[in-house]
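# Structural characterization, general
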Amino acid sequence: MQLANQAQKIFFLGCLILLLGKLANISQPQRDFLWQRSGQILSKLYGQSHLGQSEAKGDYPSGTLGDRNFTPTIHGTQPLAMRGGDPYIRALMRTITASEANVSRPYNVIYGGKQVKDLSKHPQLCVTIVTGPNTGNCTTAAGRYQMLDFTWNQTAQRYHPHPSGFWRWKSYSFEAKYQDAVVYAWLSDSQAWDVDIADLLRQGEITQVLQLLSGTWTSLGYGIETNSMSNYLPQIYQNMLQQELS
């Protein structure tokens, strides 16, 4: 076993050397991508987080957010971990949860319903998709907003309030409050969406907003993976908005 582990480390080190050797001759976007992959290889070399998993309806680790007695319904979703902010954006975030991760521990859930304990970083667990147009592929979707690992890395680089590490070796905690903070900042950034989402929501254009976001969250009713909650999202949004405004 020890010999196998050493061989694996040598393999990853070789991959790292090959990646770094290409940095001088490629474009900036490619360079950024290779830096990211290099960081992932380093994490494999020096140890990965041990992720404790349980079924979504089983035992949950102490200190995770959410109500054990919460039952997902069309009436609403769990409150956010973050405090403050625009109530319209907050209500939208809770609405996204309704079709993406409407479970009692949304911040800890990965695709398929299992729970992870360690939120020090994105879990990066690739789980086989069992339904829909992408059946047979695997997905790393995780957390309240079911963000893929590369989507989380890209958005966290721009919006994470407290990254750790330095320069290109920064890491981004996946704790509940940071999942909220990153998505809140992303949805609030009019340049990211070419429109002011908060302004649309104030005008009552929830349907237009759901259409806009369906390319990112494909279960919002206008994407490729609608589910049993998708048709109820406009009403869920109104319910969540009333809670957030009160």
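Described in the following lines is the structure provided in the data block. The model shown is predicted, which means the values in this text are computed figures rather than measured ones.

This part is about the overall build of the protein chain. Of the regular secondary structure elements, the protein chain holds nine helices and four strands. The secondary structure elements of the protein chain, listed N-terminal to C-terminal, are α-α-β-α-β-β-β-α-α-α-α-α-α. By the burial criterion, 42% of the 246 residues in the protein chain qualify as buried. Contacts in the protein chain between residues far apart in sequence, at least 24 positions, make up 63% of those at least 6 positions apart. For the protein chain, the exposed surface amounts to about 13400 Å²; the carbon and sulfur share of it is 52%.

Contact geometry for helix H3 (residues 87–100) and helix H9 (residues 233–245): axes closest at 8 Å, N-to-C directions at 135°. By the angle class used here, H3 and H9 are oblique. Crossing handedness for the pair H3 and H9: right-handed. Of the residues in H9, those in contact with Pro87, Tyr88, Arg90, Ala91, Leu92, Arg94, Thr95, Ala98 and Ser99 of H3 are Leu233, Ile236, Tyr237, Met240, Leu241, Gln243, Glu244 and Leu245. Broken down by class, the residue content of the contact of H3 with H9 amounts to eleven nonpolar, three polar and three charged.

A word on the state of the cysteines. The full count for this structure, using the stated rule, is one disulfide. Through a disulfide, Cys126 is tied to Cys138; the S-S separation comes to 1.8 Å. Sign of the S-S torsion, about 80° for the bond between Cys126 and Cys138, identifies this disulfide as right-handed. Of this pair, Cys126 sits in the loop between strand E2 (115–116) and strand E3 (127–128) while Cys138 sits in strand E4 (residues 138–139), placing them twelve residues apart in sequence.

With that settled, consider the packing of aromatic side chains. In total, this model carries three aromatic pairs according to the counting rule given. Ring centres of Trp152 and Phe174 lie 4.9 Å apart, and the angle between their planes is 85°; on these two criteria the pair is classed as edge-to-face. Taken together, the positions of Trp152 in helix H4 (residues 149–159) and Phe174 in the loop between H4 and helix H5 (176–188) put the pair 22 residues apart, joining distant regions of the chain. Here Trp152 matches Phe174 in class, with each residue buried. Connected via pairs of aromatic rings, a cluster forms that spans Trp186, Trp193 and Trp217.

Let's shift gears to the environment of Leu210. Following the sequence through the fold, Leu210 ends up in helix H8 (residues 206–213). Overall, the relative accessible area of 1% leaves Leu210 in the buried class. Sequence-wise, Leu210 and Tyr222 are twelve residues apart; in three dimensions their C-alpha atoms are separated by 7.3 Å. The residues contacting Leu210, other than those within four sequence positions of it, are Leu220, Tyr222, Leu233 and Pro234.

Calculation criteria
- Residues numbered from 1 in each chain as written.
- Predicted model: local features only at pLDDT ≥ 70, side-chain atom pairs only at ≥ 80, totals over all residues.
- Heavy atoms only, no water.
- Helix = DSSP H or I, 4+ residues; strand = E, 2+ residues; numbered from the N terminus.
- Buried < 20%, exposed > 50% of the residue type's maximum accessible area, 1.4 Å probe, protein only.
- Contact = heavy atoms within 4.5 Å.
- Areas by Shrake-Rupley, 256 points an atom, 1.4 Å probe, with all protein chains shown as cover.
- Axes fitted to C-alpha atoms, helices over the stretch in contact; angles between N-to-C directions.
- Parallel < 35°, antiparallel > 145°, perpendicular 65-115°, else oblique.
- Left-handed = near helix turned anticlockwise from the far one by under 90°.
- Nonpolar A, V, L, I, M, F, W, Y, C, P; charged D, E, K, R; others polar.
- Disulfide = S-S within 2.5 Å.
- Phe/Tyr/Trp six-rings, centres within 6.5 Å; stacked < 30°, edge-to-face > 60°.

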